[in-house]
Amino acid sequence: MSHLFNHNGAENTGYSQPTPLACETEPTVPQGLIRSNAARWPRLSEPEMVRHYTWLSKRNFGIDTGFYPLGSCTMKHNPRVNEVIAQLPGIADIHPHQPEHHLQGLLSIFYEMQHMLEVCAGMDQVTLQPVAGAQGEFTAIRCIQEYFRHRGEDQRTKVIVPDSAHGTNPASAAMAGFEIVEIPSLADGRMDLDALAAVADETTAAMMITNPNTLGLFEADIKAASEIVHQAGGQMYYDGANFNAILGITSPGLMGFDSVHFNLHKTFSQPHGGGGPGSGPIGVKAHLAPFLPGPLAARREPTGDERPSAVDEFWYHWHQPEHSIGKVQQWHGNAGAVIRCWAYYRRYGSGLKAMSEHAVLNANYLRHAIHREAKKAGVDHLFIDGAETDVAKHEFTLSMQPAKDALGISAMDVAKGLLDRGYMAPTVYFPLVVPECMMIEPTETESKDTLDTFAEHFAQVLKTDPEALHAAPITTPVRRVDEVYAARNLCLRHPYEE
Amino acid sequence: MIGCSPISGGLKQFIMSGTRMDFHIPTVRSVRAMVDQLPNRGREAEMLQEMGLSSMEDLFSDIPDDVRFKGELPLPGPQSEEEIISDARRLLGANADMGSRPSFLGAGLYRNYVPAAVFQLVTRGEFLTAYTPYQPEVSQGMLQAMWEFQTLISELVGLPIANLSLYDGSTAAAEALTCAVRVHNRKASQPNTVYVSALTPPDKMSVMHNYCQGAEIDIRTIAHNDDGTINMDSLKEAAGSCGVYLEQPNPLGVLDEGLTGVKAIIGEHTALIVGVQPVSLGVVEAPGHYGADIVVGEGQPLGSPVTGGGPLYGIFACTKPYLRLMPGRIVGRSIDVDGKEAYCLTLSTREQHIRRHRATSNICTNETLIALMGAMHMALLGPDGLRDLAHRNMMACQKAKEVLAATPGVRIVHDAHHFNEFAIEVQGSAAACLDYLDSNGIIGGLDLGRWYEGTTNQLLITTTDQTTLRDIESLSAQLALWAAHGEVSA
Ligand SMILES: Cc1ncc(COP(=O)(O)O)c(C=O)c1O
C-alpha cells in the first residue's frame, strides 16, 4: 500500500516557490485570525508524489483499461485530442467576467454548441449553464415552474415520473418544490398510458421520462403520452441520458417534448473522470425560453462602431432571457467540458447519426452474442431478457433471477465474476423494475471482437461454481469490500491518532 | 432562438447553405474521419446478418414513422483530428487569455500556478476515463484518492467531515443553506429562514435562491459596516434562524476578525456556514476553529485553472450533526473479505439513487476529477507550501495596495486586512475606467457596479501568486493616466 499520510519528510514540499514580491510593510492577518495549527497535510517531494498517484491510478479501472459496459452511462472512448484542446490558454486561462470582445472564440463555440444541440433535439433554445444531468433536470423543472407561475397556474404542483426513472428525476423535481407522482410500468417494462391518463390533471406541471427508457426500449407510444400530458395542460420533460440511441434518427422535439437535458459527458464524450465533471445543457421550446438561466450566447451583424469578431462576420455577445430564473451555477457552466464536447461533435458533424446507429448495432449484437454463447455453454436458462423486444436500443437489460433461483447466483455475483475476467461490470440493480437486473451498454466504440469475447466470458461466468462466484473477485487489488463495515465503522478521513 | 436579433433568418440561412466560412465543408477524405471512432464500420453487414437483420434500418423498426427524422442532420460535415485542432486553435486563439496581459480579475476565481505534475497525472486514462466507483474492487485508486481528498479538506478547514465535491462554490453554499434548514428547522424560532451576507455576489445569491425556493426557505441579508466588517447588530437578527452564511475573506477581500464571535451570538441551533478561499487558510485560521458548523468554498484555486468558470469543484465540510443530512458522495475506509484495507462509497442512503425524491440532494455526477487535481496540488504543497502560497498571495496584494495608494486618483476603499483582493475607488465610472485599461492591454479587475448599488466607481482588484511587480506598475501608471484623462474630459 502507498499511503499519502505516511509521507512526512521534514522539509519536503513537492514544488518550491519563487520569493514573494517585496513590500514596504509586511501584510498581517488580524490577531484573532492567525492560523493556530497548520493543516496536518503530508510532506512529499515531487518524485514521491508522482509515484503515489501513479500507484493509485494502477488500482483504478477506466475505459482505457478495458471494456466498460456500464448501462445508462455511455462509456464511450474519449478522444485524446479533446484533452489537448481543453488545455489551450484560450479556454484554460480565461475568466468568465472578461469583456465580450475578449471571449469571441468562446462565445462562438458556445453559440455553435447551442445551435447543434437545438438541431439534434428539435428544440428552440439551449443553455449550456447546467453542469450535470441532474442539474439540467432541476433547471428545466425550475423553468417550467416559473412558466406556470407566470401564467397564474400555481396549482400545478405535481411532477409525474415512471417507476423506472433514474433517481435524479424525482430528486430534482422535489428539490424544486414539486410533489412526485410515480406511475408503474407495464409488465414488459414499457410506460403505462392508462396509468398516466389516470393521474394527469390540472395539478400536473410536468412528466419526466427518458426514451429509450431505462430498460433500453423505445416507447412507441411516446406521442400519445405527450398528448395526454399536454391535454391536461402539463409540460413534457425528456431525460437525455439515453440520447446516444437516437441522434439523427428521432428527437425529443418530434416526440412532443417541451424540454430536454443532455448529458454531454455521456453522448458527447466528456471524460467522466471517476465521477465528474459533466455538463448538462438543457434545450426548451420557445414558450419556455424566456425563463432559461442566463446568459446565453447570441450573435448579430455588427452595428454602429462594432467590428466583426476575430472569428467570422458576426458579433458574439451574451444575452439575458427576459424572465430568467437566474443562475444555477455561478459562471457560464462547465465551459471546459463544453469545449471538449464541441471537439467531439466536430468529428461527426452531420454524420452524428452513424454514431447512434453503431451504438444500437453494438447493443443488439452483444445481446445476440450473449444469448448465442450462453446457449453454446448450456447456461441460457440462467437469465432472461429484462424486457421482451425484437430490437433493443443502445442498451439492454438481463434479469439474473433464474440463476438466483436455480443456483443462488445473484446479479452482483455475475458482476464480480466479470471483474475477475478483466471487464468493468454492467450496471446492476437498476432499473428497479427488473429483478436481479444487469444493464448492459457497450457503446459504439467497441469492436465486434471485443463484444464476442465478452459474450463468451459472460457465459463462462455463469458456468462457474456458485461458491467460487460468491468469492469473486480474486484477481482485483482488493476482494469484495464490506460496505456494511464501512457504514458501521465510519472512517471518513485519515485517523491521525492511530 | 431568442435574443439574437436577425436570428430566425440567420439560422435558416446557416442550415440551408451549410457553406459558412468558419465551418468545414465535407470532402470525401473527411467523411472517413469518423472511422477512427467506430471500429465496426465496414462490419455492419456481417453483424446484422448474424442477427438475422438485413439493414441498419431494421434496428430502428420500433421507432414509429411519425417521430422519424427525415434526411441528414442539417449540420456541417465531419472533420479529421487535424482539422478540429486547427479550428480550435483559431477560435480559442480569438479569446484574450489572462496570461497574455496583466490581469487583476478574480472575484471568486483565482489563477494560481498549478504544478505540471498535476496535469500529467490527472490525464492518466485510469483516472480520466473511469465512471463513479460503483465497483469498489476495481476503483480503489480513485476511492483512496478521494478519501485522502476528504482528509486534506477536513484538515484545511478544521472540521471532521468532508464530502468528495459538489459542482462549484455557489452550489456548495446553496446546498449548505438547505442542509442547515433540514438540520435545524424543528428547533428554530425562525423556521425556514437563513441569513446571508449582503456582500454575497449576486450570481451566487441567485444560485442560492434557485436551490432554496423549492423548500420555501426565506433568505434574508446581514449588513456590513463601512469598513467591510460584519455589522453585529444586524447579525443579532439571525439568532434563532436555521443558518448564517458569511465569507472569509469576504467578497471584497477583507479578513474579518468579527467572524470569530458569530457563533456565540447566533447560538447552538443556528448553523454557522463560512465560505472560504481555500488558499487563504495557509495563514488564516480554519473556520472550524472559530465555531463554523459547515465550511464551503470554491476549490478551484487549489489544483485547477480558471477555465472560463468551469469545471470547478465545490468544497463541503461539516461537523457530525450534519453528516446524515449533508449532500454529495462520501468515501469510507473499510476492509475486504480478507480483512485487507479497502475503500468504498458510504452513507449512500442520503443519495438520489436510493432515497429518490427524499434524497438530501439531486447531485449524481459531481466534480471528482477536479477534486483529484486539488488533492494532487495539496499533496505537492504540503503545509509549508500552502503557507508560502498564501503568503505570496498576500504579499502581492499588499504590494498592489501600497502602489495604488500612492497612485493619483485612486483610493483604497477599506482600511482593513486583505487577503488577495481589495476594492478601490477610481475617478468617474468604473466601467469606463475598465474600458480604458483594456484598451491599454490591462484586465483591470471587476466593476463593482455589477454587484452592488452605489459602487459604480469601484473596482475589485485581485492579485495572485502570478501577479508581477511589472503588472502592478503598469496598472498604477494607467490608472494615473486615467485620472488625468478623466479630468481632461470632465
Ligand atoms: C437515466 C439517467 N438520468 C439522469 C442521470 C443524471 O445525470 P448526471 O449524473 O449527469 O447528473 C443519469 C446518470 O447518471 C441517468 O443515467
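Positions within a chain are numbered from 1, following the residues in the order the chain's sequence is written. Chains carry letters from A onward and ligands carry numbers from 1 onward, assigned in written order. Note on the predicted model: pLDDT of at least 70 is required for a residue's local features to be given, and 80 or more for side-chain atom pairs to be given and counted; whole-chain, interface and lining totals, by contrast, use all residues. The side-chain numbers reported here are obtained from all heavy atoms of the structure, hydrogens and water having been left aside.

## As for the packing of helix H7 (residues 140–157) of chain B against helix H13 (residues 368–405) of chain B
Residue and element names in this part refer to chain B. Here is the rule: The angle between two axes is taken between their N-to-C directions and runs from 0 to 180 degrees, where each axis is a line fitted to C-alpha atoms and a helix contributes only its stretch in contact. Secondary structure elements are taken from DSSP: a helix is a run of H or I of four residues or more, a strand is a run of E of two residues or more, and numbering for both begins at the N terminus. Working definition: roughly parallel below 35 degrees, roughly antiparallel above 145 degrees, roughly perpendicular at 65 to 115 degrees, and oblique for all remaining angles. Definitions for this section: a left-handed crossing has its near helix turned counterclockwise from the far helix by less than a right angle. A right-handed crossing has that turn clockwise. It only takes one pair of heavy atoms within 4.5 Å for two residues to be counted as in contact. Just so you know the grouping, Ala, Val, Leu, Ile, Met, Phe, Trp, Tyr, Cys and Pro go in nonpolar, Asp, Glu, Lys and Arg go in charged, and all remaining residues, Gly too, go in polar.
Between H7 and H13, the shortest axis-to-axis distance is 9 Å and the interhelical angle comes to 50°. Regarding the angle of H7 to H13, the classification is oblique. For H7 against H13, the interelement crossing comes out left-handed. Contacts from Met142, Ala145, Met146, Phe149, Leu152, Ile153 and Leu156 in H7 reach Thr368, Leu369, Ala371, Leu372, Ala375, Met378 and Leu386 in H13. Residues of the contact of H7 with H13, tallied by class, amount to 13 nonpolar, one polar and no charged.

## Quick notes on helix H10 (residues 335–348) of chain A
Applicable threshold: What a helix is expected to span follows from its residue count: subtract one and scale by 1.5 Å.
Between the first and last C-alpha of H10(A) there are 20 Å, a value that for 14 residues agrees with the 20 Å anticipated at 1.5 Å per step. Looking one or two residues beyond H10(A), the residue adopting positive phi is Gly349(A), at roughly 50°.

## A look at the layout of surface pockets
What counts is decided by this rule: Definitions used throughout: a 1 Å grid over protein atoms alone; a cavity as a set of points that fits a 1.4 Å probe which cannot get out; a pocket as an open set with protein on both sides within 12 Å along at least five of seven lines; a lining residue as one with an atom within 4 Å of a point. Grid points are joined across faces, edges and corners, and a volume is the space filled by probe spheres set on the points.
Approximately 600 Å³ is the volume attributed to the second largest pocket. Residue lining of the second largest pocket: 29 residues in total, with His97(A), Gln98(A), Pro99(A), Leu434(B) and Arg450(B) positioned closest to the centre. At the level of elements, helix H9 (202–213), helix H14 (430–439) and strand S12 (446–447) of chain B are the ones that each hand at least two residues to the lining of the second largest pocket. Residues belonging to the lining of the second largest pocket are distributed by class as follows: 13 nonpolar, nine polar and seven charged.

## Structural notes on the packing of helix H11 (residues 352–377) of chain A against helix H14 (residues 448–463) of chain A
A pair of packed helices can be characterised by two numbers: the angle between their axes and the separation between those axes. All names here are of chain A. Running from amino to carboxyl end, H11 crosses H14 at an angle of 40°, the nearest separation of the two axes being 8 Å. As the angle between them shows, H11 and H14 are arranged oblique. Crossing handedness for the pair H11 and H14: right-handed. Residues Asn362, Tyr365, Leu366, Ala369, Ile370, Arg372, Glu373, Ala374 and Ala377 of H11 pack against Lys448, Leu451, Asp452, Phe454, Ala455, Glu456, Phe458, Ala459 and Lys463 of H14. Here the contact of H11 with H14 is built from residues that sort into eleven nonpolar, one polar and six charged.

## Observations regarding the domain arrangement of chain B
Residues and elements named next belong to chain B. Definition in use: Where a domain begins and ends is set by an automatic assignment or by a domain database. As a working definition, buried area equals the accessible area (1.4 Å probe) given up by two parts on being put together, with both sides summed. Salt-bridge detection follows one rule: a side-chain nitrogen of Lys or Arg within 4 Å of a carboxyl oxygen of Asp or Glu. Here a polar contact is recorded for every N or O atom pair within 3.5 Å, except that within protein the pair must consist of a potential hydrogen donor and a potential acceptor, and residues adjacent in sequence are included only if both atoms are side-chain atoms.
In terms of domain boundaries, chain B breaks down into domain 1 (3–56), domain 2 (116–378) and domain 3 (383–489). Put simply, the middle of domain 2 and the middle of domain 3, counted by C-alpha atoms, are 30 Å apart. Buried surface at the junction of domain 2 and domain 3, summed over both partners, amounts to about 1600 Å²; 73% is from carbon and sulfur atoms. Sorting the residues of domain 2 by area buried against domain 3 places Leu252, Val279 and Val283 first, and these three jointly supply 31% of that buried surface. Put simply, domain 2 and domain 3 have zero salt bridges between them. At the junction of domain 2 and domain 3, the tally comes to three residue pairs in polar contact (both at pLDDT 80 or more).

## What about the packing of aromatic side chains?
Centre-to-centre distance and the angle between the planes together describe a pair of aromatic rings. Going by this rule: In this analysis, rings of Phe, Tyr and Trp, with Trp reduced to its six-membered ring, are considered paired at centre separations within 6.5 Å, and the interplanar angle assigns stacked below 30 degrees, edge-to-face beyond 60, and tilted for intermediate values. Accessibility here uses a 1.4 Å probe with only protein chains present; expressed as a share of the type maximum, an area under 20% marks a residue as buried, one over 50% as exposed, and anything in between as partly exposed. Note on geometry: a ring has a charge over it if NZ (lysine) or CZ (arginine) is within 6 Å of the ring centre and within 35 degrees of the ring normal.
A full pass over the atoms with the stated rule returns 22 aromatic pairs over all chains. For the ring pair Phe110(A) and Trp318(A), a centre distance of 6.1 Å and an interplane angle of 85° mean the geometry is edge-to-face. Placement of Phe110(A) in helix H4 (residues 104–121) and of Trp318(A) in strand S9 (residues 315–319) is noted, with a sequence separation of 208 residues between them. Accessibility classification places Phe110(A) together with Trp318(A) in one group, the buried group. Here the aromatic rings of Trp147(B) and Tyr343(B) are separated by 5.1 Å at their centres, their planes lie at 55°, and the arrangement is tilted. A residue pair is termed long-range when its members are at least 10 positions apart, and Trp147(B) in helix H7 and Tyr343(B) in strand S9 (residues 341–346) qualify at 196 residues. Taken individually, Trp147(B) and Tyr343(B) each receive the classification buried, so the pair is uniform in this respect. Among the aromatic residues, ring-to-ring pairing joins Phe67(A), Phe383(A), Tyr423(A), Phe454(A) and Phe458(A) into one connected group. Looking at Arg40(A), its charged tip hangs above the ring of Tyr496(A), at a distance of 3.9 Å from the centre.

## Quick look at the interface of chain B and chain A
Bring the parts together and some accessible area is lost; that lost area is often taken as the interface size. Counting residues at the interface gives 207 residues for chain B, matched by 227 residues for chain A. Interface area for chain B against chain A, summed over the two sides, is near 18600 Å², with a carbon-plus-sulfur share of 61%. Contact with chain A buries area across many residues of chain B, yet Tyr131(B), Glu137(B) and Arg356(B) alone supply 5% of it, more than any other trio. Along the contact surface separating chain B from chain A lie 14 salt bridges.

## Regarding the site of the ligand
To keep things clear, this is the line we draw: The nearness test applies per residue and asks whether one of its heavy atoms lies within 4 Å of the molecule or strand. We get accessible surface area from the Shrake-Rupley algorithm with a probe of 1.4 Å; when it comes to residues, only the shown protein chains can shield them.
The immediate surroundings of the ligand are formed by 15 residues, with Ser72(A), Asp239(A), His265(A), Lys266(A) and Thr365(B) found nearest. Taken together, the residues near the ligand originate from chains A and B. Asp239(A) has a polar side-chain atom sitting 2.6 Å from a nitrogen atom of the ligand. Alone, the ligand offers 390 Å² of accessible surface; in the complex the protein occludes 99% of this. Taken together, the elements giving at least two residues each to the shell around the ligand come down to helix H5 (133–150) and helix H9 (264–267) of chain A.

## Describing the sheet that holds strand S13 (residues 437–440) of chain A
All names here are of chain A. Stated formally: Paired strands, in this sense, are two strands between which DSSP finds at least two bridges.
As summarised here, the arrangement of the four strands in space is S10-S11-S13-S12, forming an open sheet in which the pairing is antiparallel. If you trace the sheet from one side to the other, it starts and ends with strand S10 (384–385) and strand S12 (427–428), each paired once. In the sheet, S12 pairs with S13 via two bridges, with the strands oriented antiparallel. By the bridge assignment for S13, Val428 is matched with Met438. The strands touched by H11 are S10, strand S11 (396–399) and S13; relative to S11, the strand with the most contacts, the crossing angle is about 25°.

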